[in-house]
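Inside the fold
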Amino acid sequence: MSGHTALAQPSTAAKRKEARTVIMSSYLGSTIEFYDFLLYATAAAVAFPKVFFAGTDEWVGVVAAYATFAAGYVARPLGGIIFGHFGDRIGRKGMLIVSMAMMGIASTLIGLIPGANVIGPWGAVILVVLRVCQGIAVGGEWGGAALMALEHSDPKRRGFAASFVNAGAPTGAVLGTVVMGIFSALPQDAFLAWGWRVPFLLSFVLLIVGMFVRLRVSESPIFAEAVAKESAQGTKRKIPLLEVLKRPKALIMIMFAGAAGFGLQVVLPTFSVTYAVSKGAPQQGVLYAFAGASAISILFVLLGGRLSDRFGRRPVMVTGLALFILYLFPMFGMLSSGNVALVFLAFTVALILHSSLYGPLAAFVSEQFGTTNRYTGAAVGYQLATLIGAGFTPGIVAGLYKDAGQSIVPVVVFLSVMSLVSIVFILLTRESKNNDLSTVS
């Protein structure tokens, strides 16, 4: 018995080491992907209206820029379908490498698009095409990264492990906002001529780093075991999307349960940044305030995932959303102060509350599906939630604000209703923290 135990311990230690490596690679990969994807949000707030929609009314240009931003969210479910299909058929790892390459190339090319003063409306057209490519890439990235972390981890720590993937979003936001903030310190003419482009061109450097890390991790053991079992039994592989659509309830529940989290998340670096600047706060100060708040929120995303391992996904998520509803009016009050310190406090509290929802979300979504359709189900469900929650929200709230004579009340009402809908659907979805991930379908 002692000899058997001695042999088993190194194997357990090796598995834990591999799990840590995979979780950190998922975190790094997610950080890079969301640096690229969310960098666009910041640029849509401070550069794109004047570069690609010059000559229009200020808030009309903002709404138009947010419309191109929405194109990425429209494309994300398509990315979930494409990458999910192949991720469930041939493996998670390969799809993560492809998605990262696609994102890095698209983001680099955005930095090279001529403005409206050079090629007129074609600049906006090219911008939309590349934004769609970004959306497809991140639609495939999230599902694979979440499943790699989830399927390598201890069953009792799945929420914490998967939360590292979602922690990549605020980390990417920090990097993107800091870099954009540095270049926004340039004279306005220089910033609009070339300064905003540099953060996008840096995506190519991040791509090289990310690819190096991604190539070094192993395939999901749960997926490999499921495929081996099917092969031994001679089971014919099914089309993952069709299997998911046979039981659409999980997709619908996830879509509406997660929508508010993405809506609130995307309002902060887009409309809220524009709103704070319009009320007199310096643009660079607002960008740095959001970056600092995002950095603080990283730890709270991980804490949210850890709390969900103890108390369940649903209680933690519902608590975060309910508190955010109560906080909306005070948040916009601080954002309108013109004081950078208050703007920083507004963003910090908002992102801490949001982390209670966002931390458990990766595990909550992924645990609803079986192994051989989990990539497809999780990716499509998650991306549909981002589409209805985040894709059009910046444009909607900017439009509501403009049409109401720049009153914040309709914006708060809209975000509150969205949050209440998500709370209802979270409560209607079964608790998943004790689900058995080894089930094949």
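Residues numbered from 1 in each chain as written. Predicted model: local features only at pLDDT ≥ 70, side-chain atom pairs only at ≥ 80, totals over all residues. Heavy atoms only, no water.

**Looking at a nonpolar patch on the surface**
Definition in use: In this analysis, a patch consists of residues with relative accessible area above 30% that form no salt bridge, clustered at 9 Å for like charges and at 5 Å for the nonpolar side chains Val, Leu, Ile, Met, Phe, Trp and Tyr. Accessible surface is estimated by sampling points in the Shrake-Rupley manner with a 1.4 Å probe; for residues, cover comes only from the protein chains shown. A pairing counts as a salt bridge when a side-chain nitrogen of Lys or Arg comes within 4 Å of a carboxyl oxygen of Asp or Glu. Helix numbers and strand numbers start at the N terminus; a helix is a DSSP run of H or I with at least 4 residues, a strand a run of E with at least 2.
Residues Ile 296, Leu 299, Phe 300, Leu 303, Leu 307, Phe 311 and Phe 344 make up a contiguous nonpolar surface patch of roughly 610 Å² in combined accessible area. Top contributing element to the nonpolar patch by residue count: helix α14 (residues 283–311), with six residues.

**A few points about unusual backbone geometry**
Backbone geometry at Gln 406 places phi at a positive 65 degrees, although glycine is not the residue there. Looking at the secondary structure, you find Gln 406 in the loop between α18 (393–403) and α19 (409–428).

**What about the confidence of the model for the protein?**
Do not read the fine detail of predicted coordinates wherever pLDDT is low. The condition that has to hold: Confidence scores here are pLDDT values: one per residue, from the predictor, ranging 0 to 100. Any two residues whose heavy atoms approach within 4.5 Å at even a single point are treated as in contact.
Of the residues in the protein, 93% reach a pLDDT of 70 or more, and the chain-wide mean stands at 85. When the criterion is pLDDT under 50, residues 1–10 qualifies, and its contacts beyond four places in sequence or with other chains add up to zero contacts.

**Observations regarding the pattern of salt bridges**
Under the definition given, this model contains ten salt bridges. Taking the shortest distance from any N to any O, the salt bridge between Lys 246 and Glu 243 comes out at 3.1 Å. On the criterion of helical spacing, the pair formed by Lys 246 and Glu 243 is a turn pair, its members being three residues apart in helix α12 (residues 240–246). Ionic contacts of the salt-bridge type, sharing partners, join the residues Arg 158, Arg 306, Asp 309, Arg 313 and Glu 367 into one network.

**Here we look at helix α8 (residues 188–195)**
Defined as follows: Using a 1.4 Å probe on the protein chains alone, a residue whose accessible area is under 20% of its type maximum counts as buried, one over 50% counts as exposed, and one in between counts as partly exposed. Read the arc as the range of directions from the helix axis to the C-beta atoms.
Phe 191, Leu 192 and Gly 195 are the residues of α8 that are buried. Projection of α8 onto a plane perpendicular to its axis shows the buried side chains occupying an angular sector of 125 degrees, all on one side.

**A few points about the side chain of Ser 416**
Here Ser 416 lies in helix α19. Sequence-distant contacts of Ser 416, defined by excluding residues within four places in its chain, comprise Ile 325 and Leu 328.

**Examining the packing of helix α13 (residues 249–278) against helix α17 (residues 374–391)**
Two measures define how a pair of helices packs: the angle their axes make with one another and the distance between the axes. Our working definition: Fitted lines through C-alpha atoms give the axes, limited to the stretch in contact for helices. The angle between two N-to-C directions lies from 0 to 180 degrees. Orientation categories follow fixed angle ranges, with anything under 35 degrees roughly parallel, anything over 145 roughly antiparallel, 65 to 115 roughly perpendicular, and all other angles oblique. We call a crossing left-handed when the near helix sits turned anticlockwise from the far one by less than a right angle, and right-handed when that turn is clockwise.
Across the interface, α13 lies against α17 with an axial gap of 6 Å and an inter-helix angle of 50 degrees. Considered as vectors, α13 and α17 are oriented oblique to each other. Like other packed secondary-structure pairs, α13 and α17 cross with a definite hand, here right-handed. Every residue of α17 that contacts α13 at Leu 251, Ile 254, Met 255, Phe 256, Gly 258, Ala 259, Phe 262, Gly 263 and Val 266 is listed here: Gly 377, Val 380, Gly 381, Tyr 382, Leu 384, Ala 385, Thr 386, Ile 388, Gly 389 and Ala 390.

**Re the packing of helix α7 (residues 158–184) against α8**
Under the convention used in this document: Three residue categories are used. Nonpolar comprises Ala, Val, Leu, Ile, Met, Phe, Trp, Tyr, Cys and Pro, charged comprises Asp, Glu, Lys and Arg, and polar comprises the others, including Gly.
Where α7 contacts α8, the two axes come as close as 9 Å, and the packing angle between them is 130 degrees. Viewed along their axes, α7 and α8 adopt a mutual orientation that is oblique. Residues Met 180, Phe 183 and Ser 184 of α7 form the contact with α8, whose own contacting residues are Phe 191, Trp 194 and Gly 195. Grouping the constituent residues of the contact of α7 with α8 by class yields four nonpolar, two polar and no charged.

**Examining the environment of Ser 356**
Its location among the elements puts Ser 356 in helix α16 (residues 340–366). For the pair Ser 356 and Phe 300, spaced 56 residues apart in sequence, the C-alpha to C-alpha distance is 7.3 Å. The residues contacting Ser 356, other than those within four sequence positions of it, are Val 316, Met 317 and Gly 320.

**Looking at helix α10 (residues 203–214)**
Convention followed: Helix span, expected: 1.5 Å multiplied by one less than the number of residues in the helix.
Relative to the 16 Å expected for twelve residues at 1.5 Å per residue, α10 spans 16 Å between its end C-alpha atoms, a close match to the ideal helical length. For α10, the complete set of buried residues consists of Ser 203, Leu 207, Gly 210 and Arg 214. The buried residues of α10 occupy one face: seen down the axis, they fall within an arc of 75 degrees. Of the exposed residues in α10, those oriented more than 90 degrees away from the buried face are Ile 208 and Phe 212.

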